[in-house]
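# Topology and contacts: notes
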6 protein chains.
Amino acid sequence: MSRPVTCDPPRHAVVEAVARAIAEDLGPLGDISAALLPDPGEVTIADIVPRAAGVLAGSACATEAYAQLDPRVRVTWSATDGDRVAPREAVGRVEGPLAALLTGERTALNFLCHLSGVATLTRRFVDAAAAGGGHARIVDTRKTLPGLRALEKAAVRAGGGANHRGSLSDMVLVKDNHLAGLSIADAVARARSAWPGRGIEIECDRLDQVEEAVVAGAHVVMLDNMTPEAAAVCVEWVRASARPETIIEISGGVGLDTVAAYAATGADVISTSAITQSAPALDLGLDLAAE
Amino acid sequence: MSRPVTCDPPRHAVVEAVARAIAEDLGPLGDISAALLPDPGEVTIADIVPRAAGVLAGSACATEAYAQLDPRVRVTWSATDGDRVAPREAVGRVEGPLAALLTGERTALNFLCHLSGVATLTRRFVDAAAAGGGHARIVDTRKTLPGLRALEKAAVRAGGGANHRGSLSDMVLVKDNHLAGLSIADAVARARSAWPGRGIEIECDRLDQVEEAVVAGAHVVMLDNMTPEAAAVCVEWVRASARPETIIEISGGVGLDTVAAYAATGADVISTSAITQSAPALDLGLDLAAE
Amino acid sequence: MSRPVTCDPPRHAVVEAVARAIAEDLGPLGDISAALLPDPGEVTIADIVPRAAGVLAGSACATEAYAQLDPRVRVTWSATDGDRVAPREAVGRVEGPLAALLTGERTALNFLCHLSGVATLTRRFVDAAAAGGGHARIVDTRKTLPGLRALEKAAVRAGGGANHRGSLSDMVLVKDNHLAGLSIADAVARARSAWPGRGIEIECDRLDQVEEAVVAGAHVVMLDNMTPEAAAVCVEWVRASARPETIIEISGGVGLDTVAAYAATGADVISTSAITQSAPALDLGLDLAAE
Amino acid sequence: MSRPVTCDPPRHAVVEAVARAIAEDLGPLGDISAALLPDPGEVTIADIVPRAAGVLAGSACATEAYAQLDPRVRVTWSATDGDRVAPREAVGRVEGPLAALLTGERTALNFLCHLSGVATLTRRFVDAAAAGGGHARIVDTRKTLPGLRALEKAAVRAGGGANHRGSLSDMVLVKDNHLAGLSIADAVARARSAWPGRGIEIECDRLDQVEEAVVAGAHVVMLDNMTPEAAAVCVEWVRASARPETIIEISGGVGLDTVAAYAATGADVISTSAITQSAPALDLGLDLAAE
Amino acid sequence: MSRPVTCDPPRHAVVEAVARAIAEDLGPLGDISAALLPDPGEVTIADIVPRAAGVLAGSACATEAYAQLDPRVRVTWSATDGDRVAPREAVGRVEGPLAALLTGERTALNFLCHLSGVATLTRRFVDAAAAGGGHARIVDTRKTLPGLRALEKAAVRAGGGANHRGSLSDMVLVKDNHLAGLSIADAVARARSAWPGRGIEIECDRLDQVEEAVVAGAHVVMLDNMTPEAAAVCVEWVRASARPETIIEISGGVGLDTVAAYAATGADVISTSAITQSAPALDLGLDLAAE
Amino acid sequence: MSRPVTCDPPRHAVVEAVARAIAEDLGPLGDISAALLPDPGEVTIADIVPRAAGVLAGSACATEAYAQLDPRVRVTWSATDGDRVAPREAVGRVEGPLAALLTGERTALNFLCHLSGVATLTRRFVDAAAAGGGHARIVDTRKTLPGLRALEKAAVRAGGGANHRGSLSDMVLVKDNHLAGLSIADAVARARSAWPGRGIEIECDRLDQVEEAVVAGAHVVMLDNMTPEAAAVCVEWVRASARPETIIEISGGVGLDTVAAYAATGADVISTSAITQSAPALDLGLDLAAE
């Protein structure tokens, strides 16, 4: 039961994103610099090497990039998505014609650096939350970079996090703007009838809303922008209620400095947009073997 | 001569990226939460409001997102891309059916937050460089997020930066890996003949390479991973050479803390991948008008 | 609370499906028969008229088809998706150049006839279930026609049904093949941890599985291929359990002749693939106004 | 001469439709249920098994679905499109990682079930027509499901039917709406001049129109909504005319109960929209090998 | 009866081809030269002016190019596709922001110049054929430029020509390679049965093949690579046969110098690949109004 | 240094253009003529044979066309892009099922004939320029056929030419319309600042503009529509100036009859739109092996 769920992105998402990225980076003429090489077809080996410590993600994209660019290139991996990687220790190897290696370098690395950056920051949040005690999982949000959601959500899983909604079709999330003229109880009943079986989550700013949501049968209550202290009160109330299994999500104001305190409240999930929207790239490079 | 060049992204890039993002966020069923609203068609006004200071970018994407989602929604702007924005001061307004406003909120904001983040960090680099004196422009790299290059490069312009290569087809950039078995002089001659009129840039690690590149007629010399002191020596040499107008680019090791020192060398451009690859999102929100 | 949720399909799904259908039907030369018309530009009015009783769906697709084909054509509706329609009573009107009306006729009607067929059959199931008493909602499955899922699911809503999963990303559904080496309790715990907040459904063939699933906290139990009598026993057990609100889905062997008996069990939802996979078209035609 | 023409759909149509269907069914996160499997990579064998008698079609789509999803999966067939299949007798086998088998199951089966449904109903019409005597072929129409035309038309061929127009570009079909201000003779002459070599078909409601069309040199006359008796009179006239080889199509009011009577008239083709627009799915399932 | 059929290309073909062309020409940064304009938004008028005599085609593409690029630009036409145009006499006018006019100039003109080139050369063939007497129509082939077929076929119609097959799905064309092991009579019978109603054409190298094809009921006989004299013999035979209305196509070896002689044979259509595959561009330019 | 840069087009451009062309040529039903073959699967060999002398280009497209159509077909080449080819001497061979060979023939040849036509005409210009003396390279323009730019530019390289701009993003080209209210010196300074490192080219009608452009530091001066004599004066001035390495482009009025005279001026590049916009197809055919 300890095996994590797969962090692989769906293959079609990889294929499409890579095709787009290659067209974007090559332009109409291709790599006009590599075209100048005296021996473009020389079979060459290069290592994919992190420049800093972190967590690997995006390997399927790098493999696909070279596959689309030139089927003669072979990419092999000594690490897999989700592995912690160390600076200067190769995680993969690329072998093929020199021109192809250079032409695909940036596309492959742009995926690797961004997605490993997402996985690395997620892992930092996961570790920080663990330090706070409790069992809270770090989850992402829909604040992802346009066109990259499936890949970023897979990178979050690689970093030990879990995924909140993949799209607006997945779950019902009732925010204050949805509640004009509708009580929480009505909203839950309406959601349960309209979208039977979907997870139903209620955004709550105050304990009385939490109480109303739990009583109404919401599957998740989101404690929005609460202090750890206020959140702890809500958690305590829920656990003592008739529905102690209600999932409690903490959202808003979560940073690496505060996540431990939030985790210590006993909440189930802590969501943060930082891991997808503001993750710095993990620096990885392609090192050609010295001759 | 002081008017900056346009920072608008090409319209086709906006249309395509937005279409992709909407399909990604809505999923097969659309916004199942907004579907629960008692009065989804209620005409509503909402303001687009920064939560922090920064520079606006991505407004065309937000406008396009609502246009594709529901033609009844109107988006108007009180600020334009490139403007500095302040927290709690609205930069735009959205008016239309409540359900459409809520459904499009995340797609519109995902573009705005990321691209404004790029523009904001670029502006910080531009300002920091200006503080160092000299005339260096901040430029981006090809280290962009896959599928978002055209939009990110426009955001860099909005932040006061300039664009390095848009794709591998744009300019010739000769790095060490291209020079196996080829002198710099040969590489420049080859490039000049093969791609007449294209900018030719040579990556240089040492002063003697700079000298060779300038003599060969390279349009740009890239000083790669040099200290400010080493870079200053190179700049001095170029300016005193027979081709003082050669563009000098500084690359590698450039951070907000070092950019002023690099700018003080008198270099022409300073490139950094941080502004596209590692820019934190600028937080903007959609505030529905209180009734 | 009695207003139904919207049955409109997401607009991007309409735009994409229509573009595909137009390209498919026009071919490289367009409508070579309409090209022979003596006066192709003659402004003409035509009514969209059902040939049989049913429920309307797909009107947005028909409107979009003409919009993409020729912006001069105007489509107006006297009925909306979800309305019951009667034979020979027009539901909409198309006005524009004669050649455009004829060229777009088949594309517009193909959407209308299929989607109204889905809505009509759904409505028949809904009505038949209602006749059985209880409160069960009719829901669809993932057995939809490739490329048409978003539109068919909207048509199901138009017919008074609700939607089961939109994609494999939406909810966790644990079938027997997933349970090799995993107890139901373990599967629920695993799902709750891996995908916090998602609806979790367990396929059950026997009462003891239902008991195990309910105790484990599954949100939905699917009674698979049970007789109405066997299902009634399960429903009774759940309602008397500590989690009476668990959603009970009946699946398999559901037809127009049996749905009332299943509804009478007190189940919450009854799923059937027939409404999307085997719905006969509702015949609608385009009648040009006599001069 | 007895070998039928190929019933394979064009490969590009298969590739495109499958790519669309996979993206549609997997969503942004992929199969979140299969992700819970204790051993997702376990190599597994499963049989594709009809639950009812019918005619197979769509095998190329099922093969392609698994190829796009996971290249490690192998699909082999013991039957080919057009073969009659029996319940509980496997027609194909899928072998590969368990998670991939489960993830692709629905996409593969959705194609198989719909297209085999089309082929099966077509075959029923073909057999029923044959029972009536004569030589009439069953043909489809342009009343197909949007985005699936190429695949459905191939399934019609698999069922022993033939294809009417693939698109509006294929043949000239003159209906009453085209004839305002134009005689049949003029329409044929116009079509012959404008689109030389294309098949020209005239829709006829009465014998005098048939006579006019045949004399004018139409290649096909469509007897629209005639009784078998009225149609027989027209057939007799044509066969006795100077152009007895004119193809006679019967259209409208054709059902499984009437098709024999229409075939007995000696007509050449009988068209029906039921086979594409209203064909119930043929139920096929994926049965994992018991261990 | 003298009105020609429309020469407009299908709108979806225009929209798609233009979107592709704009993305291709603008690249990731857009028009970096126009970005330097001191006043890019200055409203400007420009005329579309032929530099040589010819026939206009492609106007819908030019209009669409500006519509996609910038909705503020308005394009109006004083000539329509199919009109003869004279050097230095404007055929259209573009009005809008200066930068948009310059940015879209090349995309708009690339369509206009190529398609007008096709129309112009077609018209030259049509006129030359008319000079030879007879009634032969000039038709195109499937030898078109990849991705541009629908537009080129419309341009052929604009030039007074007609269209042969739009795709391999349109008509049956039996060439020598199809006849291995099959007589012409068998091929026609097979085609008539397999694809009822489609035009059936037989490629013939000799008179005896023509005789066989006509007797078999082929709709079109193609006289392949015959001299005008040999062709005349065939025409005479057909006209005196029992099927004098059989369409006679002349193909191969047709040039502007020989087309009159071929037309004089009394053939019905003369096909040439030159008009699509080898048509020189008609030079048109965009002239900005002098201030 | 004498090895030419690669003339291969970027692989993604080949894949996309071929997919489009196959869909375009096959239509919804595929090759309805090949479907009639008695033995469509018969393994057959065919040679790709030029009918006239020229230069080969487009081989990657032909290979890809068959790969997409039917993976069982194998294409091998005895010549490569850029090779001179002679009539009746095979350049490649196709082996596979007869029906696939015939079905793909036109798509493969349409690419080969057009792109070899471009390469062949380019080579004629290159040879004619060489006959004039000097060192001028023949370059293309942005006057390419919509959707085919990457392929045509590769064909120009195959013909011995070089490429001017791939898109508007590549280089700055300042024409008279850009100079309203801006001196040449200002334009160059603006371009150098806005797009540092890009090639900057100035269109010049007169010697004084050339002088101004060279002094301002333009990388390329375009002598627009000058006679060879006027161009020679400009070349002489530039070579005697302080920036003799400035690239001199001759544009306008260049034909096969005048290119030698222009080359004799000592200019660096001579651009012509004829090679892409008006190149007649090189006739190549597919010859099936006689049995």
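## Let's talk about the interface of chain F and chain E
Counting residues at the interface gives 60 residues for chain F, matched by 59 residues for chain E. Together chain F and chain E conceal approximately 5100 Å² of surface at their shared face, both sides included; 58% is due to carbon and sulfur atoms. When the buried surface of chain F facing chain E is broken down by residue, F:L36, F:P146 and F:L168 rank first, second and third, together holding 14% of it. Put simply, E:D25 and F:R149 hold a salt bridge, and the shortest N to O gap is 2.6 Å. One can count 32 residue pairs in polar contact (both at pLDDT 80 or more) joining chain F with chain E. Secondary-structure elements contributing two or more residues to the side of chain F that touches chain E are helix 1 (11-26), helix 3 (98-131), strand 7 (172-174) and helix 5 (184-194) of chain F. It is helix 3 of chain F that contributes the most residues to the side of chain F that touches chain E, eight residues altogether.

## Observations regarding the relation of the copies chain B and chain F
With an RMSD of 0.0 Å, the operation that places chain B on chain F is a rotation of 180 degrees combined with a shift of 0.0 Å along the axis. What the superposition gives is, in effect, a two-fold axis relating one chain to the other. Same-surface contact between copies: 100% of interface residues of chain B are shared with the interface of chain F.

## Describing helix 5 (residues 184-194) of chain E
If you check which residues of helix 5 of chain E are buried, you get E:I184, E:A187, E:V188, E:R190, E:A191 and E:A194. Angularly, the buried residues of helix 5 of chain E cover 165 degrees about the axis, an arc narrow enough to put them on a single face.

## Quick look at the sheet that holds strand 7 (residues 172-174) of chain E
Residues and elements named next belong to chain E. Taken in spatial order, the six strands make up an open sheet running 6-11-10-9-8-7, and their pairing is parallel. Each end of this open sheet is capped by a strand with a single partner; those strands are strand 6 (137-139) and strand 7. Strand-to-strand twist across the sheet, computed as the mean angle between neighbouring axes with direction ignored, equals 25 degrees. Summarising the sheet, strand 10 (residues 247-251) and strand 11 (residues 269-271) pair through three bridges and their orientation is parallel. Each bridged residue has a counterpart across the sheet, and for E249 the counterpart in strand 11 is V269.

## Details of the domain arrangement of chain A
Residues and elements named next belong to chain A. Parsing chain A into structural domains produces domain 1 (11-120 + 280-288) and domain 2 (127-277). On a C-alpha basis, the centroid separation for the pair domain 1 and domain 2 is 36 Å. Taken residue by residue, the interface counts 16 residues in domain 1 and 13 residues in domain 2. Both sides together, the interface formed by domain 1 and domain 2 hides about 910 Å², and carbon and sulfur atoms give 70% of it. Between domain 1 and domain 2 we count one salt bridge in total. Here D127 ties to R84 by a salt bridge, and the two come within 3.2 Å at their closest N and O atoms. Where domain 1 meets domain 2, there are two residue pairs in polar contact (both at pLDDT 80 or more). Among the elements of the structure, helix 1 (11-26) and helix 3 (98-131) are those that each provide at least two residues to the side of domain 1 that touches domain 2. Among the elements that make up the side of domain 1 that touches domain 2, the one with the highest residue count is helix 3 (five residues).

## Quick notes on the relation of the copies chain F and chain E
With an RMSD of 0.0 Å, the operation that places chain F on chain E is a rotation of 180 degrees combined with a shift of 0.0 Å along the axis. Counting the interface residues of chain F, we find that 98% of their copies in chain E are interface residues as well, pointing to one common contact surface.

## Here's the deal with the interface of chain B and chain F
By a widespread convention, an interface's size corresponds to the accessible area lost as its parts come together. Between chain B and chain F, the residue contacts involve 32 residues of the former and 32 residues of the latter. Taken together, the two surfaces of chain B and chain F that pack against each other cover about 2700 Å², and 53% of this comes from carbon and sulfur. Between F:D170 and B:R198 there is a salt bridge, with the nearest N and O atoms lying 3.1 Å from each other. Counting across the chain B and chain F interface gives 10 residue pairs in polar contact (both at pLDDT 80 or more). Those elements that place two or more of their residues in the side of chain B that touches chain F are strand 6 (137-139) and helix 5 (184-194) of chain B. Sorting elements by how many residues they give to the side of chain B that touches chain F places helix 5 of chain B first, with six residues. Of the residues assigned to the side of chain B that touches chain F, the class counts are 12 nonpolar, eight polar and 12 charged.

## Observations concerning the sheet that holds strand 12 (residues 284-288) of chain C
Sheets are built from strands that pair by backbone hydrogen bonding, the pairs being arranged parallel or antiparallel. Residue and element names in this part refer to chain C. The strand order 3-5-1-12 describes an open sheet built from four strands, whose pairing is antiparallel. Both edges of this open sheet fall to strand 3 (74-77) and strand 12, since each of them pairs with a single strand only. Neighbour to neighbour, the strand axes of the sheet diverge by 20 degrees on average, direction disregarded. Relative to strand 5 (residues 92-97), strand 3 is paired through four bridges, and the arrangement is antiparallel. Counterpart to R74 in the pairing with strand 5 is E95. Strands strand 3, strand 5 and strand 12 of the sheet are contacted by helix 2 (residues 59-69), whose axis makes an angle of about 165 degrees with strand 3. Sitting on the sheet, helix 3 (residues 98-131) is in contact with strand 1 (43-50), strand 3, strand 5 and strand 12, with an inclination near 155 degrees to strand 12.

## A few points about the pattern of salt bridges
Side-chain pairing between opposite charges can occur once the charged atoms of the two side chains come close. Inspection of every chain in the model, using the stated rule, returns 72 salt bridges over all chains. Ionic pairing is found between D:R243 and E:E245, a salt bridge with its closest N-O pair at 2.8 Å. One end of the pair, D:R243, is in the loop between helix 7 (228-240) and strand 10 (247-251); the other, E:E245, is in the loop between helix 7 (228-239) and strand 10, on a second chain. The class of E:E245 is partly exposed, set by a relative accessible area of 29%. Between E:R51 and E:D287 there is a salt bridge, with the nearest N and O atoms lying 2.9 Å from each other. With a gap of 236 residues between them, E:R51 in the loop between strand 1 (43-50) and strand 2 (54-55) and E:D287 in strand 12 (residues 284-288) connect regions that are remote in the sequence. By relative accessible area, E:R51 is classed as partly exposed at 40%. Each of A:D25, B:R142 and B:R149 takes part in a single network of salt bridges with overlapping partners.

## A look at the arrangement of the chains
There is a clear gap between chain B and chain D: no contact, and 8 Å between their nearest C-alpha atoms. A gap remains between chain C and chain F, which never touch, and the nearest two C-alpha atoms on either side lie 7 Å apart.

## Observations concerning the environment of F:A194
With respect to the helices, strands and loops of the structure, F:A194 is situated in helix 5. Counting along the chain gives 109 residues from F:A194 to F:V85, while the straight-line C-alpha distance between them is 46 Å.

## Remarks on the pairing of strand 8 (residues 200-204) of chain C
Residue and element names in this part refer to chain C. With five of five residues buried, strand 8 is to be regarded as a mostly interior element. Burial along strand 8 is two-sided: I200, I202 and C204 and E201 and E203, pointing in opposite directions, are all buried. Bridge count between strand 7 (residues 172-174) and strand 8: three bridges; the pairing is parallel. Across the sheet, the residue bridging to V172 is I200, located in strand 8. Read as a crossover between parallel neighbours, the route from strand 7 over helix 5 (residues 184-194) to strand 8 is right-handed. With four bridges joining them, strand 8 and strand 9 (residues 220-224) adopt parallel strand pairing. Bridge pairing in strand 9 links E203 to M222. Regarding the hand of the β-α-β motif, the stretch spanning strand 8, helix 6 (residues 207-216) and strand 9 is right-handed.

The rules we used
- Residues numbered from 1 in each chain as written.
- Chains lettered and ligands numbered in written order.
- Predicted model: local features only at pLDDT ≥ 70, side-chain atom pairs only at ≥ 80, totals over all residues.
- Heavy atoms only, no water.
- Contact = heavy atoms within 4.5 Å.
- Buried area = accessible area lost by both parts, 1.4 Å probe.
- Salt bridge = Lys/Arg side-chain N within 4 Å of Asp/Glu carboxyl O.
- Polar contact = N/O pair within 3.5 Å; in protein donor to acceptor, adjacent residues only side chain to side chain.
- Helix = DSSP H or I, 4+ residues; strand = E, 2+ residues; numbered from the N terminus.
- Least-squares fit on C-alpha atoms with pLDDT ≥ 70 in both.
- Buried < 20%, exposed > 50% of the residue type's maximum accessible area, 1.4 Å probe, protein only.
- Arc of directions from axis to C-beta.
- Pairing = 2+ DSSP bridges.
- Axes fitted to C-alpha atoms, helices over the stretch in contact; angles between N-to-C directions.
- Domains from an automatic or database assignment.
- Nonpolar A, V, L, I, M, F, W, Y, C, P; charged D, E, K, R; others polar.
- Right-handed = clockwise from strand over helix to strand, strands pointing away.

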